Amino acid sequence: MKTDPISDFLTRIRNACTVKHKFLDIYYSKLKQELSKVLLQNGYILDFKITNNNQNIKIIKIALKYYKNTSVIQNLIRISKPGLRKYTKYKNLPRVLNGLGIAIISTSYGILTDKQARKQKLGGEILCYIF
């Protein structure tokens, strides 16, 4: 059992991008599915689908995105950690690289980007930065 599934998710993506894998398999959870949706909506991955592997365990298969042989995802930074949670009001939501990156926020209405949360005037837990 992983103690921090978000950090594991981000590390797997970071490692796959470093060695230029085209596809990545991650064990399924609803949180990881929502994070994958946010990455897809913002153009950081090509696609993802939920399938079963040989042992009939659900996995998320992610197709990573590259541009001129470099990964579209340059950096993934985990902000809120299990030992130190980071919460913020919507007025204090961070801007990543002055709007070029995204911050993923866990709100009462689900997983949103900083722009979506700001538009809906929702605060929450800052999960990570992606740029």
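Owing to the predicted nature of the structure, the values given are computational and were not obtained by experimental measurement. (Residues numbered from 1 in each chain as written. Predicted model: local features only at pLDDT ≥ 70, side-chain atom pairs only at ≥ 80, totals over all residues. Heavy atoms only, no water.)

1. Describing helix 1 (residues 5–18)
With 14 residues, helix 1 extends 20 Å between its outermost C-alpha atoms, agreeing within 8% with the 20 Å of an ideal straight helix rising 1.5 Å per residue. All of the buried residues in helix 1 are I6, D8, F9, L10, I13, A16 and C17. (Helix = DSSP H or I, 4+ residues; strand = E, 2+ residues; numbered from the N terminus. Expected span 1.5 Å × (residues − 1). Buried < 20%, exposed > 50% of the residue type's maximum accessible area, 1.4 Å probe, protein only.)

2. Considering the packing of helix 1 against helix 2 (residues 30–41)
Interaxial distance between helix 1 and helix 2 falls to 10 Å at its minimum, and their mutual angle equals 45°. By the angle between their axes, helix 1 is oblique relative to helix 2. Of the two elements, helix 1 crosses helix 2, and the hand of that crossing is right-handed. Seen from helix 1, the contacting residues are P5, I6, D8, F9 and I13; seen from helix 2, they are L31, K32, L35, S36 and L39. Considered class by class, the residues forming the contact of helix 1 with helix 2 number 7 nonpolar, 1 polar and 2 charged. (Axes fitted to C-alpha atoms, helices over the stretch in contact; angles between N-to-C directions. Parallel < 35°, antiparallel > 145°, perpendicular 65-115°, else oblique. Left-handed = near helix turned anticlockwise from the far one by under 90°. Contact = heavy atoms within 4.5 Å. Nonpolar A, V, L, I, M, F, W, Y, C, P; charged D, E, K, R; others polar.)

3. Looking at the packing of aromatic side chains
In total, this model carries 0 aromatic pairs according to the counting rule given. When the ring centre of Y28 is taken as reference, the NZ or CZ atom of K58 above it lies at 4.6 Å. (Phe/Tyr/Trp six-rings, centres within 6.5 Å; stacked < 30°, edge-to-face > 60°. Lys NZ or Arg CZ within 6 Å of the ring centre and 35° of its normal.)

4. A look at the sheet that holds strand 2 (residues 45–52)
With antiparallel pairing, 3 strands are arranged side by side in an open sheet as 1-3-2. Strand pairing shows two members of the sheet lacking a second neighbour, strand 1 (23–27) and strand 2, which therefore form its edges. On average, each strand axis in the sheet is tilted by 25° relative to the strand beside it, whichever way the strands run. With 7 bridges joining them, strand 2 and strand 3 (residues 58–64) adopt antiparallel strand pairing. The partner of K49 across the bridge, within strand 3, is K61. Contacts from helix 1 reach strand 1 and strand 3 within the one sheet, and its direction differs from that of strand 1 by about 165°. Contacts from helix 2 reach strand 1, strand 2 and strand 3 within the one sheet, and its direction differs from that of strand 2 by about 155°. (Pairing = 2+ DSSP bridges.)

5. A short note on the pairing of strand 8 (residues 102–107)
Within strand 8, 5 of the 6 residues are buried, leaving the element largely enclosed by the surrounding structure. Here 5 bridges tie strand 8 to strand 10 (residues 124–130), and the two strands are oriented antiparallel to one another. Bridge pairing in strand 10 links I102 to I130.

6. A short note on the nonpolar core
Nonpolar side chains tend toward joint burial in soluble globular proteins. Within the largest apolar cluster, 25 residues are counted, with the highest numbers of intra-cluster contacts made by F9, I13, I62, I73, I104 and I130. For this core, the element with the most residues is helix 1, which contributes 6 residues. Ignoring sequence-local partners within four residues, the contact set of I13 consists of L24, I26, L39, L64, I73 and L76. One finds I79, L112, A117 and L122 within the second-largest nonpolar core, a separate group that totals 9 residues. (Core = buried A, V, L, I, M, F, W, Y, C linked by side-chain atoms within 4.5 Å.)

7. Here's the deal with the pairing of strand 1
Burial along strand 1 is one-sided: L24 and I26 are buried, and none of F23, D25 and Y27, which face the opposite way, are. Here 5 bridges tie strand 1 to strand 3, and the two strands are oriented antiparallel to one another. Opposite Y27, over in strand 3, you have I59 as the bridge partner.

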